[in-house]
Amino acid sequence: MFAEFLQYLFTGITIGATYALIALGFTLIYNASHVINFAQGEFLMIGGMATVSLTAMGVPMVLAIILAVLLAGVLGILLQRFAIAPAKQADVVTLIIITIGASIFIRGLAQLVWGKEYHVMQNFSSDEPIRIFGAVLNSQSLWVLGIGAILVVGLVLFFTRTLIGKAILATSMNKEAARLVGIRTQLVLMLAFLVSAVLGSVAGVVVAPITFTSYDIGIMLGLKGFVAAAIGGLGSGIGAVVGGLLLGVVEAMAAGYISSDYKDAVAFSMILVVLFFMPRGLFGAKVVERV
Amino acid sequence: MLNRFMQMRLRDLVILAVILFALPLFLNNPFYYDLATQMAIIAATVVGLNLLVGFAGQISLGHAGFFGLGAYFTGIMTSNYGWSSVPALVVGAILVGIIAWIVGRPILRLKGHYLSMATLAVGFIIAIILNNERALTGGPDGMPVPAFTVFGWELSPFGSYNLLGMELNGSEAWYLFAAVVLLVAVWLAQNLIDSPIGRALRSVHGSEVAARVVGVDTARYKSLVFVVSAIYASAMGSLYAHFQGFITPAVAGFDFSILFITMVVLGGMGSTMGVILGAVVLKLLPQVLADFQELETVMFGAILMLTMIFMPKGLLPTIQMAVGKRMKKKAGGQA
């Protein structure tokens, strides 16, 4: 009984950590540019797929991962530079459609290069599962949690201790004011997309051995990240992490105790319930609309 | 002023009617008729969605959910319970309207991205239910739907008909039927837009706070138009099910929802003729791109992105603006 619960908890926290990283990527871009980036899931796909194909070519795994993350980072910058920046006057919906177009485009490219098959990625360390109180923990889960935690701590330090991080924060708070004090806001926006892409692709790499990977894996993962970000409150970093973990755990419990067919329905019902009682998510800031 | 407005409405409707009824001159096989019929049904759905997106400024990323509910209600009632098509369509639309009203009230309090999130969630939940209730819906394999029937008269893509002495095959008959449906859908939408309700909606789009200050019950109007657009989707879903003869949960899926909203934005939010153009372009594009085989997805994404970057107002409004500018220039040159 307890072992079962623990098992679902492990599964939930692992996938929840991935959602949290995706949600953080969403939050970063949203804060810097008020764009909801529907191509966020594609960064994960690029991370996983590029690593798999590079290792298959004989590149050592660590190098393959670094190259894959770099590739995603370049893609993030290109996305900002050539798709988002030229359309800055556009409506919210128009920007959403642009990022959807971008995600279809990236997915198309991936399909062209890597085909439509599912790819399996090796665990980073041993395949031997770890047993705790009768529950089984995939060793890769520890990698997901560990790297997730390092990234979150790294982000916090980045935003509170470095000048570049503070420049991003300043731009997200007030773009005009940031420009007046000498921050090059266009550069900052590009940087936000870069960091977001790096976050996404790292999440994609660490979770790939658990979920497998294919050219279209980004759609659902990206949406779950969006759900997590909205549950936490769009724009809130803590919200993204809490929302991601909460979503992962609730989903795993629903799959275990209710029905795995309906686990996604439970995730999407959760967002409705949260928004019903807290229209700005758990940690969302209250915004006053000016007429 | 009012007169001019009426004339413009009538002009759009007449242009649309001329195009719709002249089109058969260029369609020479059933495949094109079927494609045109699909376009007309989808276009009518999008005209309804545009009321919500283009006039009330609210984003729905889950409208295929309502479309799918209508399709499945019709499918289940006509094939399992022997209902006739029209009652199934009407009752389905009423039920979907009630569902939209119930979920709409709390959802429409939300702003911007939270609203898109919530509608996306509703769409997903509907699609998941259709996927999993195998006993009722046939699950992921889908279910067959009988032909459209009114008073024992049957409209099937495989039948043959006689209209005022003209011999029509099933595809042609369906096309004419869908064309009339689209015209009615546009006419109803235009009437709604020009009614006091439409004016209230536009004020919500402009500034919701300002609208509230001058006494517009914004919540009521927003949920009203949400319900109307859901009813459009449901009714068209019912017709789509009859026309296709077979439905799968994909009709309620996220891809379909995205397709609908993309048609609205690409064609031109707030322009009824624009969103119809959007529907035509996005239905036609995959047909054209199919020749490029594996490049299809890449090109589709690229075209979507580029169009939205360079024509953020949408196709038709951008074209109209360009033509208007040129005409003004010409007029200025003569004066």
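Since the structure is predicted, the reported quantities are computational estimates derived from the model, not experimental observations. (Residues numbered from 1 in each chain as written. Chains lettered and ligands numbered in written order. Predicted model: local features only at pLDDT ≥ 70, side-chain atom pairs only at ≥ 80, totals over all residues.)

### Remarks on the overall build of chain B
Inclusion rule: Strands are runs of DSSP state E lasting at least 2 residues, helices are runs of H or I lasting at least 4, and numbering of each runs from the N terminus. Every radius of gyration here is taken over C-alpha atoms, with the globule rule written as 2.2 Å times N^0.38, N being the number of residues. We call two residues in contact if the C-beta atoms placed from their backbones are at most 7 Å apart.
Along the backbone of chain B there are 14 helices and six strands. Relative to the globule expectation of 20 Å for 335 residues, the C-alpha radius of gyration of chain B, 20 Å, shows essentially globular dimensions. Projected onto its principal axes, the C-alpha positions of chain B cover 65 × 50 × 45 Å. In chain B, the share of contacts with a sequence separation of at least 24, taken over all contacts with a separation of at least 6, comes to 75%.

### Description of the overall build of chain A
The condition that has to hold: Put simply, a residue is buried when 20 or more other C-beta atoms lie within 10 Å of its own C-beta and exposed when 12 or fewer do; between those, it is partly exposed, and each C-beta is set from the backbone.
Across its full length, chain A holds eleven helices and two strands. A compact globule built from 291 residues should have a C-alpha radius of gyration of about 19 Å, and chain A, at 19 Å, falls within 12% of that. The buried share of chain A, taken over its 291 residues, is 49%. In chain A, the proportion of contacts linking residues at least 24 apart, taken out of those at least 6 apart, comes to 75%.

### Points about the packing of helix H9 (residues 217-232) of chain A against helix H10 (residues 237-258) of chain A
All names here are of chain A. How we decide: Structural elements are reduced to axes, namely lines fitted to C-alpha atoms, with helices fitted over the stretch in contact, and the angle between N-to-C directions of any two is expressed from 0 to 180 degrees. Angular relationships are summarised with four words: roughly parallel below 35 degrees, roughly antiparallel beyond 145, roughly perpendicular across 65 to 115, and oblique for the angles in between. Crossing chirality is assigned from the near helix's rotation relative to the far helix, an anticlockwise turn below a right angle marking it left-handed and a clockwise turn marking it right-handed. Each residue receives one of three labels: charged for Asp, Glu, Lys and Arg, nonpolar for Ala, Val, Leu, Ile, Met, Phe, Trp, Tyr, Cys and Pro, and polar for the others, Gly being one of them.
Running from N to C, H9 and H10 cross one another at 120 degrees; their axes reach a closest spacing of 7 Å. Between H9 and H10, the angle is such that the two are oblique. In this structure, H9 crosses over H10, and the sense of that crossing is right-handed. Along its contact with H9, which presents Lys224, Val227, Ala228, Ala229, Ile231 and Gly232, the element H10 presents Gly239, Ala240, Val242, Gly243, Gly244, Leu246 and Leu247. Its residues placed into classes, the contact of H9 with H10 shows eight nonpolar, four polar and one charged.

### Observations concerning helix H8 (residues 185-211) of chain A
Residue and element names in this part refer to chain A. Rules: The span expected for a helix works out to 1.5 Å for each residue beyond the first. Two axes are fitted around each residue, one to the seven residues ending there and one to the seven starting there, and the angle between them is reported as the bend at that residue.
The end-to-end C-alpha separation of H8 is 37 Å, in line with the 39 Å expected for 27 residues at 1.5 Å each. At Val205, H8 shows its largest bend, some 30 degrees, and a proline, Pro209, comes one to four positions later. Taking burial as the measure, the 27 residues of H8 include 20 buried ones, the bulk of the element. Where H8 ends, the next residue or the one after it, Phe212, has phi of about 65 degrees, a positive value.

### Some points on the interface of chain B and chain A
Interface extent is often summarised as the accessible area lost during association of the parts. Taken together, the 34 residues of chain B in the interface contact 39 residues of chain A. At the level of secondary structure, the elements contributing two or more residues to the side of chain B that touches chain A comprise helix H5 (112-132), helix H9 (208-213), helix H11 (254-267) and helix H13 (296-310) of chain B. Among the elements that take part in the side of chain B that touches chain A, H5 of chain B stands out by supplying eleven residues, more than any other. Residues of the side of chain B that touches chain A, tallied by class, amount to 25 nonpolar, seven polar and two charged.

### What about the packing of helix H1 (residues 2-33) of chain A against helix H5 (residues 139-161) of chain A?
Residues and elements named next belong to chain A. Running from N to C, H1 and H5 point in directions that differ by 35 degrees, and their axes come no closer than 9 Å. The handedness of the crossing between H1 and H5 is left-handed. Residues Phe10, Ile13, Thr14, Ala17, Thr18, Ala20, Leu21 and Leu24 of H1 touch H5, and the partners they reach there are Ser141, Val144, Leu145, Gly148, Leu151 and Leu155. Of the residues belonging to the contact of H1 with H5, the class tally is ten nonpolar, four polar and no charged.

### Describing the environment of Leu136 of chain B
Residue and element names in this part refer to chain B. Relative to the helices and strands, Leu136 is located in helix H6 (residues 134-137). Residue classification places Leu136 among the partly exposed residues on the basis of 14 C-beta atoms within 10 Å. Along the sequence, Leu136 and Asn80 sit 56 residues apart, while their C-alpha atoms lie 9.1 Å from each other.

### As for the confidence of the model for chain B
Going by this rule: Think of pLDDT as the predictor's per-residue confidence, scored from 0 to 100.
Summary statistics for chain B give a mean pLDDT of 86 and a share of 96% for residues scoring 70 or more. Two numbers describe this predicted complex: its pTM, 0.88, and its ipTM, 0.85.

### Some points on the nonpolar core
Let me state the cut-off plainly: Linking buried Ala, Val, Leu, Ile, Met, Phe, Trp, Tyr and Cys residues through C-beta atoms within 7 Å yields a set, and such a set is a nonpolar core.
Ranked by size, the top nonpolar core spans 198 residues in total, and within it Val227 and Ile271 of chain A together with Ala43 of chain B carry the most contacts. Ranked by residue count, the leading element in this core is helix H10 (residues 218-244) of chain B, at 16 residues. Sequence-distant contacts of Ala43 of chain B, that is, excluding residues within four places in its chain, are made with Leu182, Ile276, Ala279 and Val280 of chain B.

### Description of the environment of Gly248 of chain A
All names here are of chain A. Mapped onto the elements of the fold, Gly248 is located in helix H10. Overall, the presence of 24 C-beta atoms within 10 Å leaves Gly248 in the buried class. Along the backbone, Gly248 and Tyr8 are 240 residues apart, and their C-alpha atoms lie at a distance of 9.8 Å. Discounting residues that sit within four places of it in the chain, Gly248 has contacts with Gly12, Ile13, Ile15, Gly16 and Tyr19.

### What about unusual backbone geometry?
Residues and elements named next belong to chain A. In this structure, His34 is a non-glycine residue whose phi angle is positive, near 60 degrees. Looking at the secondary structure, you find His34 in the loop between H1 and helix H2 (40-56). In this model, Phe212 sits at a positive phi of 65 degrees, which is unusual for a non-glycine residue. Among the structural elements, Phe212 can be located in the loop between H8 and H9.

### Thoughts on the environment of Ala17 of chain A
Residues and elements named next belong to chain A. Within the secondary structure, Ala17 sits in helix H1. Among the residues examined, Ala17 registers 25 C-beta atoms within 10 Å and is labelled buried. Considering only alpha carbons, one finds Ala17 and Val242, 225 residues apart in sequence, at a separation of 9.2 Å.

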